[in-house]
Amino acid sequence: MLAAGPSPEARRFFHAPNGNITMARITIFDTTLRDGEQSPGSSMTAPEKLRLAHELASLGVDVLEAGFAASSPEDAESVRSISKEVQGPVITALARSVRSDIERAAEALEPAPRARIHVFIATSDIHLSQKLGISREECVAQAAEAVEIALGYTEDVEFSAEDAMRTELDFLTEVVRVAVEAGATTINIPDTVGYTLPREIEHTFRSLGERVPGLAGCVLSTHCHDDLGLAVANSLAAIEGGARQVECTINGIGERAGNASLEELVMALHVRGDGLGHETGIQTQRLYRTSRLLSYLTGIEPQPNKAIVGRNAFAHEAGIHQHGVLSDRRTYEIMTPELVGAPGTELILGKHSGRHGLEARYDSLGYKLSADQLKRVTRDFKALADRKKTVLDEDLISILHHGVMEDVPEVYRLTKLNVTCGGDISNASVEIKDEDESMIGEGAGDGPIAAAFAAIESVLGYRVVLERFIIRAATPGRDALGKVSIQALIDGRTFAGRGAHTDVVRASVDAYLHAVNKAAAVRTLDDTHLGADSDFRGI
Ligand code: KIV
Ligand code: ZN
């Protein structure tokens, strides 16, 4: 028998003394490692899954779906290692409603301090006839049997009616009643194909609660997919209808358009606690780092405008917004970046930015501008922003001093580059010339590009922190031109560098030197101007 563990607070409703339903704790069931991992390109190795599982446990998820043990030996091994190593959440594994799947799940969950077996069977007519080839009666019988078999291993059994939201309500009610009577402790009603509307799902959940009295002793769960972009809205509507567990994934990854995003759900419940009246046990300050870890492990970034964790989630570009945020962040921010552990509010400079945003950016670069200077740079900035999507710090400095830095003198020039790679460590040597001398540098790194950058750093007196590094093939085919663009923090300012070459190491080195040459030009400008103009002191 596995150790079971549905938390008592996760029962379906809390009843106030007057019998009214009151504030409830919502159980967060994370399925990033099972449903999320089914998303194209998101597969992770077992050690990577374990690492993410530890992070999810620290985030405070209540239930962690570690995998689908019968799907492959690797998945089973991964469920087992998570069950053994990860403390805190209930660990669960998915199983079809067949004995062998349930046995695989039970074996893999064996080391877990608290284990749940999650059995499912499809219930919609289209799935029954076209996928399973069974009748409704057979479906009901298999559901009941699966729950009973799973109860032989643990008291904590979840039953899911796959494609529930396209299942006729009367039949869904019957399946749910049977699963409850068989002893399931959590009943999950998935919107498998992301088809439902908020008012429909709320109605279904409410109706099930009314029609199956035994459900009051279970946790009712929602599991929404995002095919119409409604997964989070539908999950919230299901909560309105009585759901007390939400199944979701970090960054909303999952089959096709993905699952309901954990961070969006949690923050909706948190920020709009006034309207929704529920709470979760999630450490919201860890949301951003969990999202970053997942992106790092899968190589898939959330889109920039993704709520809560996207690059632009806390960025303001429009001038009127920047003005507001600078005087009081609450004008345009409904939550602080700190609340989700994201880097601070970012004021992006683009053509919609205004004088206040510009002044604040110069201020953070160390320039205190007089009213006249601000007027002049605002005018030049607007002209530049019309031509350039994002204006960088280097452009601002250049505008301030003498116009736009479109190109820079090539103070440092690459004359030789050699790399050896293919082993554990790559090595590089470079010859760089400035106007006085020729310098030879050597470096080693994790790959040829890192080695070449280390070799340059060994001869030039610049500390370069790469903030972004993007490498793209400009054309198809083996002889494609590799285009590299970087953003590098040098002397406390951000410089962009670009390089293009059929040899991507060479393109990367060109981009790197391009940024360094810009920094060199700014050092020269600072030396000439800052000495003369006291307004620009204090960098
Ligand atoms: O979307 C779905 O129906 C599922 C079930 C297996 C829970 O992922
Ligand atoms: Zn799903």
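Residues numbered from 1 in each chain as written. Chains lettered and ligands numbered in written order. Predicted model: local features only at pLDDT ≥ 70, side-chain atom pairs only at ≥ 80, totals over all residues. Heavy atoms only, no water.

The subject of this paragraph is the coordination of the zinc ion (ligand 2). Each angle at a metal carrying four tetrahedral donors should ideally be 109.5 degrees, and each at a metal carrying six octahedral donors should ideally be 90 or 180 degrees. Looking at the zinc ion (ligand 2), one finds its protein donor set to be Asp35 (OD), His223 (NE2) and His225 (NE2), positioned 2.0 to 2.1 Å from the metal centre. All donor residues of the zinc ion (ligand 2) come from one chain, and their arrangement in sequence is D-x187-H-x1-H. Of this pair, Asp35 sits in the loop between strand S2 (27-30) and helix H1 (46-59) while His225 sits in the loop between strand S8 (219-224) and helix H8 (231-241), placing them 190 residues apart in sequence. Pair check on accessibility: Asp35 and His225 agree, each one buried. (Donors = N, O, S within 2.8 Å, 3.2 Å for Na, K, Ca; no water. Helix = DSSP H or I, 4+ residues; strand = E, 2+ residues; numbered from the N terminus. Buried < 20%, exposed > 50% of the residue type's maximum accessible area, 1.4 Å probe, protein only.)

Taken together, Arg34, Asp35, His118, Phe120, Ser160, Glu162, Asn188, Pro190, Thr192, His223 and His225 form the complete shell of residues around ligand 1. Here an oxygen atom of ligand 1 sits 3.1 Å away from a polar atom, N or O, in the side chain of Asp35. In this structure, His225 approaches ligand 1 through a side-chain N or O atom, which is 3.0 Å from an oxygen atom. (Near = heavy atom within 4 Å. Polar contact = N/O pair within 3.5 Å; in protein donor to acceptor, adjacent residues only side chain to side chain.)

Attention now goes to the confidence of the model for the protein. Averaged over all residues, the pLDDT of the protein is 87; the fraction at 70 or higher stands at 90%. Segment residues 6-19 is flagged for pLDDT under 50; beyond a separation of four residues in sequence, or across chains, it makes 31 contacts in the model. Low confidence marks residues 529-539, where pLDDT is under 50. Its contacts with residues over four positions away, or in another chain, come to 23 contacts. (pLDDT = per-residue confidence, 0-100. Contact = heavy atoms within 4.5 Å.)

What follows covers the sheet that holds strand S15 (residues 438-445). The antiparallel open sheet is built from three strands, whose spatial order is S13-S14-S15. The open sheet has two free edges, formed respectively by strand S13 (413-420) and S15, since each of these has just one partner strand. Each neighbouring strand pair of the sheet contributes to a mean axis angle of 15 degrees, computed without reference to strand direction. Note: strand S14 (residues 426-433) against S15, eight bridges, orientation antiparallel. (Pairing = 2+ DSSP bridges. Axes fitted to C-alpha atoms, helices over the stretch in contact; angles between N-to-C directions.)

With respect to the helices and strands, the residue Ala257 is situated in the loop between strand S9 (245-248) and helix H9 (262-271). When its relative accessible area of 40% is taken as the criterion, Ala257 is described as partly exposed. Sequence separation between Ala257 and Gly194 is 63 residues, and the spatial gap between their C-alpha atoms is 8.7 Å. Not counting chain neighbours up to four residues away, the residues in contact with Ala257 comprise Asp226, Asp227 and Gly252.

What the eight strands build is a closed barrel, ordered S2-S3-S4-S5-S6-S7-S8-S9; its pairing is parallel. The sheet shows a mean angle of 25 degrees between the axes of neighbouring strands, taken without regard to direction. When S2 meets S9, the two strands line up parallel, connected through four bridges. The residue of S9 that forms the bridge with Ile28 is Val246. The strands touched by helix H4 (residues 125-132) within the sheet are strand S5 (115-122) and strand S6 (157-162), with S5 carrying the most contacts at an inclination of about 85 degrees.

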